[in-house]
Amino acid sequence: MNVLVLMEPGEPSRQALTLARKFGEPHGLPVQAVQPFAPDALAAALARAVEELDAGAVFAAGTDRGNEVMARLAARLNLPLAANCIGAAPGDPATVTRLRWGGSLLEEARLHSPRPLVTVAPHTVPADDGPQPPTIEVGSPALGDLVVRVSDHIKPTNGGISLADAKVIVSGGRGVGSKEGFAIIEELAGLLGAAVGCSRAVTSAGWRPHSDQVGQTGTKVAPEVYIACGISGATQHMAGLKGAKRILAINSDPQAPLMLNADYTVTGDLKEIVPAISAEIRRARAGRTSS
Amino acid sequence: MRIAVCIKRVPITGGRIVLTADARAINTQHLGFTMSPHEECGVEEAVRLIEANKGDSVVLTLGPPEAVEQLRDAMALGIDRAIHLQTDGQEWDGESTAAALLDAIRADETSNGPFDIIFFGNESADSGGFQVGLRVAYALNRPCVTGLKRVTLEGSSVRCEQEVEDGRDVYVVPLPAVLTVKEGLNLPRYPSVPGRMRARSKPVADVTPARPAPRLELVKLLVPAGQGRRAESLGSGAAAAPAVVDVFQKAGVL
Ligand SMILES: Cc1cc2nc3c(=O)[nH]c(=O)nc-3n(C[C@H](O)[C@H](O)[C@H](O)COP(=O)(O)OP(=O)(O)OC[C@H]3O[C@@H](n4cnc5c(N)ncnc54)[C@H](O)[C@@H]3O)c2cc1C
């Protein structure tokens, strides 16, 4: 049986391809086949290819692009869609395991569909090193499928280190107390060459911009060290921390969920602890240069 | 101008998710509820657009009787009226949710004319299906742009900024359109006391759609294993600073 895979550059699509092989012989349709990006045109091309190949299933990476093209395909074909799966097995019905709550919860589900449509959550299944699938040719899109298309691109305003790529993040929560309270967080971040992050309590209060928010509805981060100051550790915050190598929690409440789910903890008032760490770094550096 | 916003009631899960005995739902006995953050921004955007352009705004939700609380929250921020698609609390999959919302939207448009914009959250906070807005748009034959962090009216079109890895992609689509938005689109206002008072007397229309058998059928939920972090204490107060700096040095970040 033939299966279709929407291919984007990068690892997540290879992971989707790996799951797709369990359903049949994969054929790839590259996202770059339609330039500039026009998701309806890609969905239309996938729908045509489904017909031509009599594809038994369609896969894509659970990226923003993958999820949106697959939802458009699902609407066109009038089929159910299982988004952000970490496992899938063919059968009648097919079965899937998918992420909920940004990964804080898993769902086992049955997918009752003549053609399972599945997106695969990035970085949740290992990619095999099987062959690249043959590429499907995409004809010229219908004008109506180009109404939604990228017409311009805005480069990020260069506001320092991006959260998603930062090696170290100093992050503050409601416990920081105020917008001004972030001065000590910024000071420590400056000394470490770190990005500043925050919880949703902080962005809702208007203390920091939403671009600093870490978590399910913010940014997912993957630093060497994540320093959480005055953050309780709600599941939606922790959903952004799965890729963090080491977590240091600073909190006055030793029972806060983040204190129980960290690698290192310091108990007490962050308003004393954070400046003390900054001072200690300065001392260590001064010692190093004088010796 | 006419604007609709579709929202979802979700539990505030706190630090740990606890499931019901049959593992088919979150045990919400001791939890509060809210509308998802993405949709809260959709509500705020709708209110701003109507404040600037005049017209009619409607909030819709498919959910249990208690979801009227979230409809009132939206009306407290300034939405004019609500349509409540009542369920018995069972979960609906993305496909059936979209079909029910579509019926309600079509019925409202038949009496009151088309919505210029229908807002959805990019994905629901709990089930994360990434599809309801796109399905409704396809059925209405309207353009749909997803994952928006900025929305600007330009005459009879709307300019949309979508967050992507290396910045933002821009789309300009004609109205009427369906837009799915993300938190960060704006900073939602807090409801004022008069706003809350007014919301109590704003109209809520109830409909009771029948739940079709889900084609994406939930079997059970699982709480994933923790990441096994060891929570080593470095001490308390300022005296812990040297131990912290040791950790930084060992991690190679100093
Ligand atoms: C659908 C949904 C999506 C969400 N998405 C996100 C998201 O992406 N990111 C996110 O962060 N949240 C998100 N949330 C919100 C989340 O549920 C929490 O409300 C939020 O993370 C709490 O922020 P906080 O930890 O800063 O505040 P709190 O929970 O109030 O915690 C403050 C902490 O600071 C400590 N503290 C107070 N004073 C001090 C002091 N002087 N010194 C040291 N410690 C102190 C307290 O002990 C406490 O642990 C979402 C919620 C929902 C419902």
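Residues numbered from 1 in each chain as written. Chains lettered and ligands numbered in written order. Predicted model: local features only at pLDDT ≥ 70, side-chain atom pairs only at ≥ 80, totals over all residues. Heavy atoms only, no water.

**Student:** Looking at this model, I keep getting lost on the overall build of chain B. Mind explaining?
**Tutor:** Secondary structure summary: chain B contains six helices and 13 strands in total. Dimensions of chain B, computed from C-alpha atoms along their principal axes, come out at roughly 70 × 45 × 40 Å. Going through the 254 residues of chain B one by one, you find that 53% of them count as buried. Within chain B, contacts between residues at least 6 apart in sequence are counted, and of these 69% link residues at least 24 apart. Counting every atom, chain B has about 10900 Å² of accessible surface; 51% of that belongs to carbon and sulfur. (Helix = DSSP H or I, 4+ residues; strand = E, 2+ residues; numbered from the N terminus. Buried < 20%, exposed > 50% of the residue type's maximum accessible area, 1.4 Å probe, protein only. Contact = heavy atoms within 4.5 Å. Areas by Shrake-Rupley, 256 points an atom, 1.4 Å probe, with all protein chains shown as cover.)

**Student:** Any chance you could explain the sheet that holds strand S9 (residues 167–174) of chain B here in plain terms?
**Tutor:** Within a sheet, adjacent strands bond to each other through the backbone by hydrogen bonds, running parallel or antiparallel. If you walk across this open sheet you meet the ten strands as S8(A)-S9(B)-S8(B)-S7(B)-S10(B)-S6(B)-S1(B)-S4(B)-S5(B)-S11(B), and the pairing is mixed. Every interior strand has two partners, whereas the edge strands, strand S8 (152–154) of chain A together with strand S11 (204–207) of chain B, have only one. Averaged over neighbouring strand pairs, the angle between their axes works out to 30 degrees when direction is ignored. Here strand S5 (residues 81–86) of chain B pairs with S11 of chain B via four bridges, running parallel. Each residue of the ladder has a partner; that of histidine 84 of chain B, found in S11 of chain B, is aspartate 206 of chain B. (Pairing = 2+ DSSP bridges. Axes fitted to C-alpha atoms, helices over the stretch in contact; angles between N-to-C directions.)

**Student:** I'm lost on the site of the ligand in this one. Help?
**Tutor:** In the neighbourhood of the ligand, 30 residues make up the surrounding shell, with Arg174, Ser199, Ser232, Gln236 and Asn251 of chain A lying closest. The environment around the ligand is built from residues contributed by chains A and B. Backbone polar atom of glycine 218 of chain A to an oxygen atom of the ligand: 3.3 Å apart, as the coordinates give it. Coverage of the ligand by the protein amounts to 84% of the 990 Å² it exposes when considered alone. Secondary structure elements with two or more residues in the shell around the ligand: helix H5 (200–204), helix H6 (235–238) and helix H8 (270–290) of chain A. (Near = heavy atom within 4 Å. Polar contact = N/O pair within 3.5 Å; in protein donor to acceptor, adjacent residues only side chain to side chain.)

**Student:** How should I be thinking about the domain arrangement of chain A in this particular structure?
**Tutor:** Often the size quoted for an interface is simply the accessible area lost on bringing the parts together. Residue and element names in this part refer to chain A. Examined at the domain level, chain A breaks down into domain 1 (2–132) and domain 2 (168–290). Relative to domain 2, the C-alpha centre of domain 1 lies at a distance of 36 Å. In this assembly, four residues from domain 1 lie in contact with six residues from domain 2. Here domain 1 meets domain 2 over a buried area of about 370 Å², counting both sides, of which 42% is carbon and sulfur. Among the residues domain 1 hides against domain 2, the three largest losses belong to Trp101, Gly102 and Ser104. Together they make up 90% of the total. Between domain 1 and domain 2 we count zero salt bridges in total. Of the residues belonging to the side of domain 1 that touches domain 2, the class tally is one nonpolar, three polar and no charged. (Domains from an automatic or database assignment. Buried area = accessible area lost by both parts, 1.4 Å probe. Salt bridge = Lys/Arg side-chain N within 4 Å of Asp/Glu carboxyl O. Nonpolar A, V, L, I, M, F, W, Y, C, P; charged D, E, K, R; others polar.)

**Student:** Would you mind showing me how to read the nonpolar core here?
**Tutor:** Ranked by internal contacts, the top residues of the largest apolar core, which has 85 residues, are Leu46 of chain A together with Val43, Leu60, Ile79, Ile118, Phe119 and Leu179 of chain B. With eight residues, helix H2 (residues 39–53) of chain A is the single largest residue contributor to this core. Not counting chain neighbours up to four residues away, the residues in contact with leucine 46 of chain A comprise Leu4, Leu6, Leu29, Val58, Val69, Met70 and Leu73 of chain A. In this structure, Trp207 and Ile273 of chain A together with Leu234 and Ala240 of chain B belong to the second largest nonpolar core, which totals 37 residues. (Core = buried A, V, L, I, M, F, W, Y, C linked by side-chain atoms within 4.5 Å.)

**Student:** In this structure, what is going on with the packing of aromatic side chains? I would like to understand it.
**Tutor:** Geometry of an aromatic ring pair is reported as the spacing of the ring centres plus the angle between the planes. If you walk through the whole model with that rule in mind, you get one aromatic pair over all chains. Judged by centre distance (5.1 Å) and plane angle (65 degrees), the rings of phenylalanine 23 of chain A and phenylalanine 59 of chain A are edge-to-face. Placement of the pair is phenylalanine 23 of chain A in the loop between helix H1 (11–20) and strand S2 (25–30) and phenylalanine 59 of chain A in strand S3 (residues 58–61), with a sequence separation of 36 residues. Comparing phenylalanine 23 of chain A with phenylalanine 59 of chain A, the two get one shared label, buried. The ring of phenylalanine 115 of chain B carries the charged tip of arginine 2 of chain B above its face, separated from the ring centre by 4.2 Å. Sitting over the face of the ring of phenylalanine 33 of chain B, arginine 9 of chain B holds its NZ or CZ atom 3.9 Å from the ring centroid. (Phe/Tyr/Trp six-rings, centres within 6.5 Å; stacked < 30°, edge-to-face > 60°. Lys NZ or Arg CZ within 6 Å of the ring centre and 35° of its normal.)

**Student:** Explain the interface of chain B and chain A here, please?
**Tutor:** In this assembly, 82 residues from chain B lie in contact with 87 residues from chain A. For the chain B and chain A pair, buried surface summed over both sides reaches about 6900 Å², with 56% attributable to carbon and sulfur atoms. The three residues of chain B that bury the most area against chain A are Arg215, Leu216 and Arg229 of chain B, which together make up 11% of that side's buried surface. Across the contact surface, chain B and chain A share seven salt bridges. A salt bridge links aspartate 64 of chain A to lysine 182 of chain B, with the nearest nitrogen and oxygen atoms 3.8 Å apart. The class makeup of the residues in the side of chain B that touches chain A is 42 nonpolar, 19 polar and 21 charged. As judged from the three bridges shared by S8 of chain A and S9 of chain B, these two strands associate in the antiparallel manner. Pairing of histidine 153 of chain A across the sheet is with aspartate 169 of chain B, part of S9 of chain B.

**Student:** How do you make sense of the environment of glutamine 216 of chain A when you look at a structure like this?
**Tutor:** Summarising the element assignment, glutamine 216 of chain A is placed in the loop between H5 and strand S11 (225–229). When the C-alpha atoms of glutamine 216 of chain A and proline 134 of chain A are compared, they prove to be 36 Å apart, with 82 residues separating the residues in sequence. Apart from the residues lying within four places of it in its own chain, the contact partners of glutamine 216 of chain A are Trp101, Gly102, Gln236, Ala239 and Gly240 of chain A together with Ala125 of chain B. There is a polar contact of 2.8 Å between the side chain of glutamine 216 of chain A and the backbone oxygen of alanine 125 of chain B.

**Student:** Any chance you could explain the side chain of aspartate 145 of chain A here in plain terms?
**Tutor:** Residues and elements named next belong to chain A. Its location among the elements puts aspartate 145 in the loop between strand S7 (117–120) and S8. A distance of 2.9 Å separates polar atoms of two side chains, one belonging to aspartate 145 and the other to arginine 76. Those residues in contact with aspartate 145 that lie beyond four places of it in its chain are Ala38, Asp40, Ala41, Ala44 and Arg76.

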